[in-house]
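What the coordinates show
Spelled out, the chains give:
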Amino acid sequence: MTRVLTTLAVAISATFTLVAAANAQEDANAEAEAVARAYMALYSAVDWDGMEALLAENVRFRDTTAQSPDVGPDGYAEDSRDGMMAELRTFGETYNPIELGFEWDQVFTSNSRVVFIGHVNALYPTEAPDQNFRWRAEQVTVITVRDGLVVSHQDFANYAHPEQGLVAADSVD
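Below is a summary of the structure that appears in this document. Remember, it's a predicted structure, so these values are computed and weren't measured experimentally. (Residues numbered from 1 in each chain as written. Predicted model: local features only at pLDDT ≥ 70, side-chain atom pairs only at ≥ 80, totals over all residues. Heavy atoms only, no water.)

Let us look at the overall build of the protein. A count of helical and extended segments in the protein gives three helices and seven strands. Along the chain direction, N to C, the helices and strands of the protein fall in the order α-α-β-β-α-β-β-β-β-β. Relative to its full complement of 173 residues, the protein shows a buried share of 35%. When the accessible surface of the protein is totalled, it reaches about 10,000 Å², and 54% of it is carbon and sulfur. (Helix = DSSP H or I, 4+ residues; strand = E, 2+ residues; numbered from the N terminus. Buried < 20%, exposed > 50% of the residue type's maximum accessible area, 1.4 Å probe, protein only. Areas by Shrake-Rupley, 256 points an atom, 1.4 Å probe, with all protein chains shown as cover.)

Here it is as structure tokens:
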């Protein structure tokens, strides 16, 4: 009987340990998703200061799919908040985006990584006050959150085949 009770106690203890671990991971994933969604809303709105407040000092930023004359063959790579924000602010000063306009078809969280799948739907001003330039492409972004801060930001966009063209300036609404 003692052996049965000991086995039962071990089984119950193991079950509680597994349940506690699963609950802890669920809590971490829920926190990660809340932080990542807030962060991506700021990114979408081109709110660099808001984004910066959610970044760890040693954040890792990668956009290995980026293509342009001022980007090397491996795209963007920064390993600090200051470096990442300098890149984004330079982008903002160069292109003056009105919004990046992310639209996410799917979002899932696993192991404190939040994966956003959808489109960037960027809007830029033109010289004509009644029209803007729209640049739209498929995009996947992976955000990793630890201790309430973004520690990794990875963008993967279809820079090679975007939809682009002029739209009415009032189409932002």
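There is more to say, and it comes next.
Its identity is not glycine, yet Val46 carries a phi of approximately 60 degrees, on the positive side. Relative to the elements of secondary structure, Val46 occurs in the loop between helix H1 (2-44) and helix H2 (48-53). A relative accessible area of 17% places Val46 in the buried class. Within the chain, Asp147 stands out as a residue other than glycine whose phi angle is a positive 50 degrees.

This part covers the nonpolar core. Ranked by size, the top nonpolar core spans 27 residues in total, and within it Tyr39, Tyr43, Met84, Leu100, Ile143 and Val150 carry the most contacts. Elements that contribute at least two residues to this core include exactly H1, H2, strand E1 (55-63), helix H3 (81-95), strand E4 (113-125) and strand E5 (131-146). Take this core: its biggest share by element is six residues, from H1. Apart from residues no more than four positions distant in its own chain, Leu100 is found in contact with Tyr43, Ser44, Val46, Phe91, Val120, Asn121, Ala122 and Tyr124. (Core = buried A, V, L, I, M, F, W, Y, C linked by side-chain atoms within 4.5 Å. Contact = heavy atoms within 4.5 Å.)

What the rule picks out here adds up to seven aromatic pairs. With a centroid separation of 5.7 Å and an interplanar angle of 40 degrees, the aromatic rings of Trp135 and Tyr159 are classed as tilted. Placement of Trp135 in strand E5 and of Tyr159 in the loop between strand E6 (149-157) and strand E7 (163-168) is noted, with a sequence separation of 24 residues between them. Given a relative accessible area of 26%, Tyr159 falls into the partly exposed group. (Phe/Tyr/Trp six-rings, centres within 6.5 Å; stacked < 30°, edge-to-face > 60°.)

Relative to E6, E1 runs parallel, the two sharing four bridges. From the neighbouring strand, Leu55 faces E6, where its bridge partner is Val150. The sheet contact formed by E5 and E6 spans eight bridges and is antiparallel. Bridged to Val142 within E6 is Gln154. Counting the residues in the hairpin turn of E5 and E6 gives two residues, including Asp147, whose phi is positive at 50 degrees. (Pairing = 2+ DSSP bridges.)

Residue placement: Arg60 occurs in strand E1. Residue Arg60 is classed as partly exposed on the basis of its relative accessible area of 37%. For Arg60, the contacting residues outside a window of four places in its chain are Glu78, Asp79, Val151, Ser152, His153 and Gln154.

Looking at chain direction, strand E3 (residues 103-110) and E4 are connected through seven bridges and run antiparallel. Each bridged residue has a counterpart across the sheet, and for Glu103 the counterpart in E4 is His119. Between E3 and the antiparallel strand that follows it, E4, lie two residues; Asn111 among them carries a positive phi value of about 55 degrees.

A few words on the pattern of salt bridges. Per the counting criterion, the structure on display carries six salt bridges. Close ionic contact of Glu99 with Arg134 constitutes a salt bridge, the shortest N to O distance being 3.6 Å. Remark: Arg134 occurs in strand E5 and Glu99 occurs in the loop between H3 and E3; sequence separation between them is 35 residues. Its relative accessible area of 21% is what places Glu99 among the partly exposed residues. (Salt bridge = Lys/Arg side-chain N within 4 Å of Asp/Glu carboxyl O.)

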